[in-house]
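So you can see what is in the structure, the chains are spelled out below.
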Amino acid sequence: MKYKSTRGGVSGISFEEAVMMGLASDGGLLIPEKIPLFNEKDLKHLSELPYTKLAYEIISRFQEGIPSDDLMQIIQKTYSRFDNVNMIPVRKAAGMRIAELYHGPTYSFKDIALQFLGNLFEYILEKRKQKLNILGATSGDTGSAAIYGVKGKKNINIFMLYPSNRVSNIQELQMTTTESSNVFCLEVTGSFDNCQSLVKDVFSDLEFKEEYSLGAVNSINFARILAQMVYYFWIYFRTIRRVGEDINVVVPTGNFGNVFAGYMTKKMGLPITKLMIATNRNNILTRTVKFGDYSIERVHPTISPAMDIQIASNFERYLYYLYNEDCSKVSEAMERLKTDKEIDIRGHLLGQLQRDFIAGETSDEEMKNTIRQVFSKSDYVIDPHTACAVHAAEQMELVADNTVCLSTAHPAKFPEVIHEVLSVWPEMPSGLQNLEERQRRSERINPDESILKDFIAKNAK
Ligand SMILES: *Cc1c(COP(=O)(O)O)cnc(C)c1O
């Protein structure tokens, strides 16, 4: 399988090259040149496999360069660190199924992809005798999942910036207590925007970037999408009685990575009837699906912060398919987005978009009510992101035995909200206990580019 850019400027590159490139060098996103198809017989075979073998079967269809044994080893190493024997349990609650994607080391679904990406990086760097210094900014969840993806890995350092006093206590503790010598947390005395523009400034100094082999881990790496496709198959097999039956999937959505992985599996032949995008009041994607209006507004803070996003980076990958694989149309649309802050999707394209997705949005109040109702009806605690999915499904009358809501974070990561709504503190899983007692390591810096560069220069591999 070869990879190309959605904007047409890159093509014919290998999976390994795509992983190391991250963002395509023409500014587009990398996608596979073909989509492999699975028929009913293939699905029957896949339905009998444990998680690691299933992952191998799917991932190996998207790459050729890594020898089978090595790929299997990477996958096994990745998923041995999940603390539930079922990897992703699919439970019955709220009249539907809830797929708990959050049993990884940081209790966010992001672990499923970032643990895999970390191991891939380590493998490729070792083979190529290269080093990588990852630089990123976080307002919460992504930071700790990215750090846990690469902590202790050879030839990699990670520098993670976060705004002082603006991330939750648990999130800060998760990031700063890894006790790994290749993890550098930087508390920036400023806002998240300050952090992001610092990172941008450093990346735009190409000489510096080259000298210190700087790279990013953002949601646009195709390896992340690939790792996420696997669990759509897994969940499907745990919901149906017979291969061939249909399911609906509801996805709490921010950057469009998770739901795009679901869209790909549908194209590969997985029988998903309705694929639903659930947003909070940062509703760009809901507006897009309902009215064809992809226009960027201000970000509103909500109680599901991982979805407080206005630019859904992975949407470009979907546009490529919506525009019938016409790269020049994708480039034009992305140019328009830059200048006019909007893309207008009308006519038959809107019809196609509405056949591919449905969407719904949820307010903070509705999230809280949903958490309360699910607890009283099913004696089951969900986090605010998952509550968006459950509420969206209810809105669209999708409540049924074959509807699966993806649960993207452990409720214990949001103890204040759970306590406010249910008057009990959520039970802390082992990995979130005793964080307070561990050794913290973090460097406080002013939002100043030269201070950051000095710090990187001093500590880089
Ligand atoms: C990142 C995140 C999301 C959004 O996922 P996307 O792939 O960006 O759409 C939803 N819920 C949680 C808990 C997250 O951390």
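Structure first, text after, so check above.
This write-up is about the structure you can find in this document. (Residues numbered from 1 in each chain as written. Predicted model: local features only at pLDDT ≥ 70, side-chain atom pairs only at ≥ 80, totals over all residues. Heavy atoms only, no water.)

A short note on the pattern of salt bridges
Step number 1: Here the structure, examined in full by the defined rule, presents 16 salt bridges.
Step number 2: Salt-bridge contacts for Asp 344 lead to Arg 346; the nearest nitrogen and oxygen are separated by 2.3 Å.
Step number 3: A salt bridge links Lys 368 to Glu 420; the nearest nitrogen and oxygen atoms lie 3.1 Å apart. In this pair, Lys 368 sits in helix 16 (residues 364-378) while Glu 420 sits in helix 18 (residues 415-422), placing the two residues 52 residues apart along the sequence.
Step number 4: What makes Lys 368 buried here is its relative accessible area of 13%. (Salt bridge = Lys/Arg side-chain N within 4 Å of Asp/Glu carboxyl O. Helix = DSSP H or I, 4+ residues; strand = E, 2+ residues; numbered from the N terminus. Buried < 20%, exposed > 50% of the residue type's maximum accessible area, 1.4 Å probe, protein only.)

Re the state of the cysteines
Step number 1: Counted under the stated rule, the structure contains zero disulfides.
Step number 2: With no disulfide of its own, Cys 195 lies 12 Å from the sulfur of Cys 185, the closest cysteine sulfur.
Step number 3: Distance from the sulfur of Cys 388, which forms no disulfide, to the nearest cysteine sulfur (Cys 405) is 11 Å. (Disulfide = S-S within 2.5 Å.)

Points about the sheet that holds strand 14 (residues 403-407)
Within a sheet, each strand pairs with its neighbour through backbone hydrogen bonds, oriented either parallel or antiparallel.
Step number 1: Ordered by their spatial adjacency, six strands build an open sheet running 3-4-14-9-10-13, and the pairing between neighbours is mixed. Taken across any chain shown, the strands that pair with only one partner, and hence form the sheet edges, are strand 3 (90-93) and strand 13 (358-361). The mean angle between the axes of side-by-side strands here comes to 25°, regardless of whether they run parallel or antiparallel.
Step number 2: Its contacts with the sheet put helix 10 (residues 222-239) on strand 3, strand 4 (96-100), strand 9 (247-252), strand 10 (272-279) and strand 14, and the angle it makes with strand 14 is roughly 135°. (Pairing = 2+ DSSP bridges. Axes fitted to C-alpha atoms, helices over the stretch in contact; angles between N-to-C directions. Contact = heavy atoms within 4.5 Å.)

Quick word on the packing of aromatic side chains
Step number 1: Within the structure shown, the criterion is met by 25 aromatic pairs.
Step number 2: Their ring planes at 90° and their centres at 6.1 Å tell us that Phe 159 and Phe 455 sit as a pair that is edge-to-face. Here the residue Phe 159 occupies a position in strand 6 (residues 156-163), and Phe 455 occupies one in helix 19 (residues 449-459), the gap between them amounting to 296 residues. Grouping residues by exposure puts Phe 159 and Phe 455 together as buried.
Step number 3: Relative to Phe 357, the ring of Tyr 318 has its centre 5.1 Å away and its plane inclined at 75°; by these criteria the two rings are edge-to-face. Here Tyr 318 is found in helix 13 (residues 315-322), whereas its partner Phe 357 is found in the loop between helix 15 (347-356) and strand 13, with 39 residues between them in sequence. (Phe/Tyr/Trp six-rings, centres within 6.5 Å; stacked < 30°, edge-to-face > 60°.)

Some details on the environment of His 410
Step number 1: Relative to the assigned elements, His 410 resides in the loop between strand 14 and helix 18.
Step number 2: Between the C-alpha atoms of His 410 and His 385, which are 25 residues apart in sequence, the distance is 9.5 Å.
Step number 3: Setting aside chain neighbours within four positions, we find His 410 in contact with Tyr 102, Tyr 107, Asp 383, Glu 427 and Pro 429.

Function cannot be inferred from these measures alone, as they are strictly geometric.
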